[in-house]
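Coordinate analysis (summary)
Here is how the chains run, residue by residue.
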Amino acid sequence: MKTALVFGASGQIGMPLLHRLGERGWRVLAVSRDEHSDAPGRHWLQGEFANMPPLPEAVDAIFSCGPLDAFARWYSESHIDAPRIVAFGSTSAMTKHDSEDEHERDLVRRLLGAEAALFASSEQRGTTATMLRPTLVYGRGRDATLSRIAALARRHGRFPLPRGADGLRQPAHVGDLADAAFAASQSVAARGRAYDLPGGETLPYRDMVKRVLDCLEPPAKLLELPMPLFRLTLRVARSRGIARELTDAAVQRMREDMVFDAAPARRDFGYAPRAFAPTADMFKPVL
Ligand SMILES: NC(=O)c1ccc[n+]([C@@H]2O[C@H](COP(=O)([O-])OP(=O)(O)OC[C@H]3O[C@@H](n4cnc5c(N)ncnc54)[C@H](OP(=O)(O)O)[C@@H]3O)[C@@H](O)[C@H]2O)c1
């Protein structure tokens, strides 16, 4: 029986990955900072990167579905033997490169630094790493974009966007990303490579939000406001502690295309993401 060590196992991509591994007969060691109950074939280890619980000397694969920089640092100093590493990064490393927001530029530096460090340390240890960079993620009610939009829309019955929010997006479902992680771990072609993982449909930001609002029970209304009025509405919302994470840079990006090519991932490990057909349950947290 093969064994996988999974970091970020309790997360929105980590959980479906645990199911995929279990369905394929793998034994899973799942790391979390919190306590969780074991299940057949799944053992939880409580700890964090700075204070790791005892780990086996060797596993068949390591999956990183949590913070990439902390994982890359830990891996470079660890002695665990694993022939395959699959780690999630983010396409933010490309899309936020020239952001006006200092925090976003810092995120880009950390993501790119962690990718390079992970490839370097895996090569040094004679193992092979694969980097997966999803676009905007949804599916388990825990993402910071569509689930937050759904939550606000449920509360207020409507959701405002600035006119012209037509930048293209490719929302990626967490189940497809979990499939991709497992498939990449089995692929010879994916060794030592990084892949963008967009969702299976490319659509304007406005249409993406409209589909979310339409699927809610009851549906919520989309309000398209002239930009000055939208900015004023946003300022009022922020002063009430709402939508603080919606930065000016994020508003600007609603008009910019963020499009990535799934072809290399399709070619090397059969990545086949679904079209964007949201349902209300995808925006409610799954416990
Ligand atoms: N969400 C998105 O839209 C998106 C987009 C592109 C890429 N990604 C990337 O895909 C990966 C998985 O994303 P996700 O949204 O599934 O993640 P998530 O649900 O936010 O978090 C994954 C897990 O990581 C663990 N974690 C968080 N902070 C930690 C810390 N400081 N130290 C140790 N463990 C920590 C948590 O587990 P415990 O609390 O159980 O320890 C958490 O459940 C991440 O690398 C993320 O950057 C996400």
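Residues numbered from 1 in each chain as written. Predicted model: local features only at pLDDT ≥ 70, side-chain atom pairs only at ≥ 80, totals over all residues. Heavy atoms only, no water.

The name given to the protein chain in an unreviewed UniProt entry is Nucleoside-diphosphate sugar epimerase, with the source organism recorded as Pseudoluteimonas lycopersici.

In this section: the UniProt feature "domain: NAD-dependent epimerase/dehydratase" (unreviewed entry) in the protein chain. The UniProt record annotates "domain: NAD-dependent epimerase/dehydratase" (unreviewed entry) at residues 4-51. Within the segment residues 4-51, helix and strand shares are 21% and 31% respectively, and the terminal C-alpha atoms sit 20 Å apart. (UniProt positions renumbered as here; feature names shortened; annotations may be inferred. Helix = DSSP H or I, 4+ residues; strand = E, 2+ residues; numbered from the N terminus.)

On to the pairing of strand β5 (residues 84-88). Here β5 lies mainly inside the structure; five of its five residues are buried. What you see with β5 is no split at all: R84, V86 and F88 on one side and I85 and A87 on the other are buried throughout. Pairing between strand β4 (residues 61-64) and β5: four bridges, direction parallel. Residue pairing for β5: A61 is matched across the bridge by R84. In terms of handedness, the path from β4 via helix α2 (residues 68-77) over to β5 forms a crossover that is right-handed. Here five bridges tie β5 to strand β6 (residues 128-134), and the two strands are oriented parallel to one another. (Buried < 20%, exposed > 50% of the residue type's maximum accessible area, 1.4 Å probe, protein only. Pairing = 2+ DSSP bridges. Right-handed = clockwise from strand over helix to strand, strands pointing away.)

The subject of this paragraph is the sheet that holds strand β1 (residues 3-7). Spatial ordering of the open sheet is given by β3-β2-β1-β4-β5-β6-β11, a layout of seven strands whose pairing is parallel. The open sheet has two edge strands, β3 (42-46) and β11 (194-197), and neither has a second partner. Taking the axes of each pair of neighbouring strands and ignoring which way they run, one obtains an average angle of 20° across the sheet. Relative to β4, β1 runs parallel, the two sharing four bridges. (Axes fitted to C-alpha atoms, helices over the stretch in contact; angles between N-to-C directions.)

Position of L17 among the secondary structure elements: in helix α1 (residues 14-23). It is 30 Å that separates the C-alpha atoms of L17 and A153, two residues lying 136 residues apart in sequence. If sequence neighbours within four positions are ignored, L17 has contacts with V6, F63, C65, A178, A181 and F182. (Contact = heavy atoms within 4.5 Å.)

Right, let's talk about the packing of α1 against helix α6 (residues 174-186) for a bit. Look at α1 against α6: their axes get within 8 Å of each other, and the N-to-C directions meet at 50°. The pairing of α1 with α6 is recorded here as oblique in orientation. For the pair α1 and α6, the crossing hand works out as right-handed. Residues P16, L17, R20 and L21 of α1 form the contact with α6, whose participating residues are V174, G175, A178, D179, A181 and F182. Residue composition of the contact of α1 with α6, grouped by class: seven nonpolar, one polar and two charged. (Parallel < 35°, antiparallel > 145°, perpendicular 65-115°, else oblique. Left-handed = near helix turned anticlockwise from the far one by under 90°. Nonpolar A, V, L, I, M, F, W, Y, C, P; charged D, E, K, R; others polar.)

Another point: the site of the ligand. As a matter of local geometry, the ligand sits amid 18 residues, with S10, Q12, S32, R33 and G66 nearest to it. Between an oxygen atom of the ligand and a main-chain N or O atom of G11, the distance comes to 3.3 Å. A distance of 3.0 Å is found between an oxygen atom of the ligand and a backbone nitrogen or oxygen belonging to I13. Taken together, the residues of the shell around the ligand break down into seven nonpolar, nine polar and two charged. (Near = heavy atom within 4 Å. Polar contact = N/O pair within 3.5 Å; in protein donor to acceptor, adjacent residues only side chain to side chain.)

Further remarks concern the pattern of salt bridges. Side chains bearing opposite charge may pair, as long as their charged atoms lie close to each other. Tallied over the entire structure, the rule returns 18 salt bridges. A salt bridge links R110 to D69, with the shortest nitrogen-to-oxygen separation between them at 2.9 Å. With R110 in helix α4 (residues 102-124) and D69 in helix α2, this pair connects stretches of sequence that are 41 residues apart. A relative accessible area of 38% means that R110 is categorised as partly exposed. (Salt bridge = Lys/Arg side-chain N within 4 Å of Asp/Glu carboxyl O.)

In terms of burial, β1 is largely enclosed, as five of its five residues are buried. Going residue by residue along β1, you find T3, L5 and F7 tucked away on one face and A4 and V6 tucked away on the opposite face as well. Two strands pair when backbone bridges link them, and β1 and strand β2 (residues 27-32) are joined in this way by four bridges, in the parallel orientation. Of the residues in β2, the one forming a bridge with T3 is R27. Taking the sense of rotation as the criterion, the β-α-β connection linking β1, α1 and β2 turns out right-handed.

So, on to α4. Taking 1.5 Å of rise per residue, the 23 residues of α4 would be expected to cover 33 Å, and the 33 Å separating its terminal C-alpha atoms lies within 8% of that figure. Those residues of α4 that fall on the buried side of the exposure criterion are E104, V108, L111, A114, E115, L118, S121 and S122. For α4, the elements touching its buried residues are α2, β5, α3 (92-95), β6 and α9 (248-253). For α4, the N-terminal capping position is held by D101, with its side-chain oxygen 2.8 Å away from the main-chain nitrogen of H103. (Expected span 1.5 Å × (residues − 1).)

Among the secondary structure elements, E57 is positioned in the loop between β3 and β4. Judged by its relative accessible area of 71%, E57 is exposed. Each C-alpha atom of the pair E57 and D81 lies 6.1 Å from the other, and the pair is 24 residues apart in sequence. Sequence-distant contacts of E57, defined by excluding residues within four places in its chain, comprise H79, I80 and D81.

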